[in-house]
Amino acid sequence: MYVAVKGGERAIAAAHGLLAEKRRGDPQVPELAVEQIEEQLSLAVDRVMSEGSLYDRRLAALAIKQARGDLVEAIFLLRAYRTTLPRYGYSEPLETGAMQVRRRISATYKDLPGGQVLGPTFDYTHRLIDFALEAEGDVPPARTAPVGDGAMPRVTDIIGDDDLIERNPPGDPFRPVADLTREPLTFPADRDLRLQNLARGDEGFLLALGYSTQRGYGRTHPFVGEIRMGEVEVEFFVEELGFAVPLGEITLTECQMVNQFAGSKTEPARFTRGYGLSFGHCERRAMSMSLVDRSLRAEEFGEERKGPAQDEEFVLSHSDNVQATGFVEHLKLPHYVDFQAELALLRQMRNDLAAQAHPSQEAAE
Amino acid sequence: MTHAATRQAYNFAYLDEQTKRMIRRAILKAIAIPGYQVPFASREMPMPYGWGTGGVQVTASILGAKDVLKVIDQGADDTTNAVSIRQFFEKTAGVATTTETTKATVIQTRHRIPETALQAHQVLVYQVPIPEPLRFLEPRETETRKMHALAEYGLMHVKLYEDIARHGHIATTYSYPVLVAGRYVMDPSPTPKFDNPKMDDCAALQLFGAGREKRIYAIPPHTRVVSLDFDDHPFEVTRFHQPCALCGANGSYLDEVVMDDCGTRMFVCSDTDYCETRQAEGHRGIMNQEAAE
């Protein structure tokens, strides 16, 4: 006798119970504190904040804990929370030139005002597993050079002073900045919308696209003009006060890529820019973003669009990992109604073919 | 969190009122232009994209405290995702829910239209994965919007014609394209084409929500909905060669259930409410004879 597949409700509740148990793991092992994730898995926190589009270290750490370390799941949790928050307004544009820099490197100049500051980086570490980390122990305080009091101008501003790089278009305070969390994505997309999309795009997707431009699918001849990471003050203009008040500071990574120059008979040749910005310390994503940003400007510079990274609809429609993971994983949901329709058609087609092959048999029946 | 605590932490039916207004505006526009895909600023929902976020947002925006909600997936009320969405609204809106098609005022569905004819006081909300009927013929949104604007649907007819040339008939069994009110070609969401005739001249309002793709479209009550076809190859619904094994219904959409590993199959109504109602009325199928005795 056929037993209907009932009990969905109980099955769901039981599955969630299992998940909670699995999340906790062996109860003999101390439970992970959110502070530990925040402090010791800080780059995971940075990525979740960036792609979750919400600067809240503690909440991101909690989401990572809840997601059992699945970062895309954690990003999704943060996004779903973020969308319920009221929006008071928009901050003033950030001044990354005034960043309290913890890391700043340029690949285009050997030395420059403010110097090269390596900061906390994996670069130049030998990727040998450090078995000493298995044992707990104190880390000796790191030695740092005295902080210079000199300014640390952006490299692109230095190049810009010689008029050798395109100028960023001046901001228009009366033109609203695009916001894809409030308006559906439309094409063609202006650069502000593209940058917003890339800023929350999946790191792996951006990395692969950026990489593809280096391998010839829409080459842009990039140089890292500068990567800087550090703290920037966020200001909010208060209507009642008539001036901007600081809300606090956030950690940012900014990458300015200096690319293939463009010019014409009338216009002197200049380098072009690709821009990447990320919450926290996310160098890989900031660099990838700047490569893709520049590639997406192909039309602006009259370049032939032949690589996927130059294709705005392709890139912007597929960069969001919350959308992507949802739709890919929805294939887990039951599809038996549609499958049944396909089965019926398939059988009919096979019968038709068999009938054609043996018409006499059918006639006999 | 208890349901009461959830309701305190979130607005009625989860979405804030500003978002609901935005969605209602999109719905009104969609009703005004039947079959036209209205872009809307879809929100992240606490369930994944592709799992009904569009339908959930539409339902959340139209739901009132007195509504009675039914949620089905593959025609069934007890499929896991239908259970999950129903629980979501029980938790966030506290509305009454039902599995009975006739008692519901709002029915959210994935992949099916109930067998029981819908009434004027009901709204059917479809969950839509890919709202663009032309998407698999033309991947670019900029192009497909142009094609809709110009009612340039030749590509779709060519596709259907090629099906006939290759297979002898139109080889589209679900998401079968329809022409709404003589103007827009529309994707009925991946419902089987068996359900297409139910959309035509339907007394209920039909709303379609695509969350990930950020589109809403609608079929107002009693609108002409025609499945695309050719004079010499008219549209045909899928027919089953046996009645439901549980309720004996002829002419309902059937699911094939694998009984063992020796090729035994049974066919039962995909619409569980329809099937159960019929059984309650005393109808019996071949696999259900002993129960009747």
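Check the entry above for the structure.
Residues numbered from 1 in each chain as written. Chains lettered and ligands numbered in written order. Predicted model: local features only at pLDDT ≥ 70, side-chain atom pairs only at ≥ 80, totals over all residues.

> Honestly, the overall build of chain A in this entry has me stumped. Any pointers?
For chain A, the count of helices and strands is 13 helices and four strands. Its C-alpha radius of gyration of 27 Å places chain A more than 25% over the 21 Å reference for a compact globule of 365 residues. The dimensions of chain A, computed from C-alpha atoms along their principal axes, are 95 × 70 × 55 Å. Counting all 365 residues of chain A, 30% fall into the buried class. Restricting to contacts in chain A with at least 6 residues of sequence separation, those with at least 24 account for 64%. (Helix = DSSP H or I, 4+ residues; strand = E, 2+ residues; numbered from the N terminus. Rg over C-alpha atoms; globule rule 2.2 N^0.38 Å. Buried ≥ 20, exposed ≤ 12 C-beta atoms within 10 Å, placed from the backbone. Contact = placed C-beta atoms within 7 Å.)

> Mind showing me how you'd approach the nonpolar core here?
Nonpolar side chains in soluble globular proteins tend to be buried together. One finds Ile27(B), Ala30(B) and Ile216(B) to be the most contacted residues of the largest nonpolar core, which totals 54 residues. Among the elements that take part in this core, helix 2 (residues 17–32) of chain B stands out by supplying six residues, more than any other. (Core = buried A, V, L, I, M, F, W, Y, C linked by C-beta atoms within 7 Å.)

> Sorry, what's going on with the packing of helix 3 (residues 42–52) of chain A against helix 5 (residues 71–82) of chain A here?
Packed helices, taken two at a time, are described by their axes: the angle between them and the distance between them. Residues and elements named next belong to chain A. Taken N-terminus to C-terminus, the directions of helix 3 and helix 5 make an angle of 45°; their axes are 8 Å apart at the nearest point. The orientation of helix 3 relative to helix 5 falls into the category oblique. The hand of the helix 3/helix 5 crossing is right-handed. Touching Ala44, Arg47, Val48, Glu51 and Gly52 of helix 3 are Leu71, Ala74, Ile75, Leu78, Arg79 and Arg82, all from helix 5. Residue classes in the contact of helix 3 with helix 5 are distributed as six nonpolar, one polar and four charged. (Axes fitted to C-alpha atoms, helices over the stretch in contact; angles between N-to-C directions. Parallel < 35°, antiparallel > 145°, perpendicular 65-115°, else oblique. Left-handed = near helix turned anticlockwise from the far one by under 90°. Nonpolar A, V, L, I, M, F, W, Y, C, P; charged D, E, K, R; others polar.)

> Please explain helix 11 (residues 321–329) of chain A as it appears in this structure.
For an α-helix the count is 3.6 residues per turn, leaving residues at separations of three or four pointing the same way. Those residues of helix 11 of chain A lying buried are Asn321(A), Val322(A), Gln323(A) and Gly326(A). In this structure, the buried side of helix 11 of chain A is in contact with helix 3 and helix 5 of chain A.

> Looking at this structure, I do not really get the interface of chain B and chain A. What am I missing?
Reports often express the size of an interface as the amount of accessible area lost when the parts come together. Counting residues at the interface gives 47 residues for chain B, matched by 38 residues for chain A. Counting only elements with at least two residues in the side of chain B that touches chain A, the list comes to helix 4 (80–92), helix 5 (141–149), strand 11 (254–258) and strand 12 (265–269) of chain B. Element by element, the count of residues in the side of chain B that touches chain A is highest for helix 4 of chain B, at four residues.

> In this structure, what is going on with helix 3 of chain A? I would like to understand it.
All names here are of chain A. Among the eleven residues in helix 3, eight count as buried, and that is most of the element. Val45, Asp46, Arg47, Val48, Met49, Ser50, Glu51 and Gly52 are the residues of helix 3 that are buried. Following helix 3 by one or two positions, serine 53 adopts a phi angle in the positive range, close to 55°.

> Explain the packing of helix 3 of chain A against helix 4 (residues 57–66) of chain A here, please?
Residue and element names in this part refer to chain A. Running from amino to carboxyl end, helix 3 crosses helix 4 at an angle of 105°, the nearest separation of the two axes being 9 Å. One finds that helix 3 runs roughly perpendicular with respect to helix 4. For the pair helix 3 and helix 4, contact is made by Ala44, Val45, Val48, Met49 and Gly52 and by Arg57, Ala60, Ala61, Ala63 and Ile64, respectively. Of the residues assigned to the contact of helix 3 with helix 4, the class counts are eight nonpolar, one polar and one charged.

> I would appreciate a short explanation of the sheet that holds strand 3 (residues 96–97) of chain B in the present structure.
Sheet strands line up and pair through hydrogen bonds in the backbone, either parallel or antiparallel. Residue and element names in this part refer to chain B. If you trace the seven strands from one edge of the open sheet to the other, you get 1-9-8-5-4-2-3, paired in mixed fashion. Only two strands of the sheet have a single neighbouring strand rather than two, namely strand 1 (38–39) and strand 3. Contacts from helix 2 reach strand 1, strand 8 (205–210) and strand 9 (215–219) within the one sheet, and its direction differs from that of strand 9 by about 45°. Of the strands in this sheet, strand 4 (106–110), strand 5 (123–127), strand 8 and strand 9 are in contact with helix 3 (residues 53–62), which crosses strand 5 at around 150°. (Pairing = 2+ DSSP bridges.)

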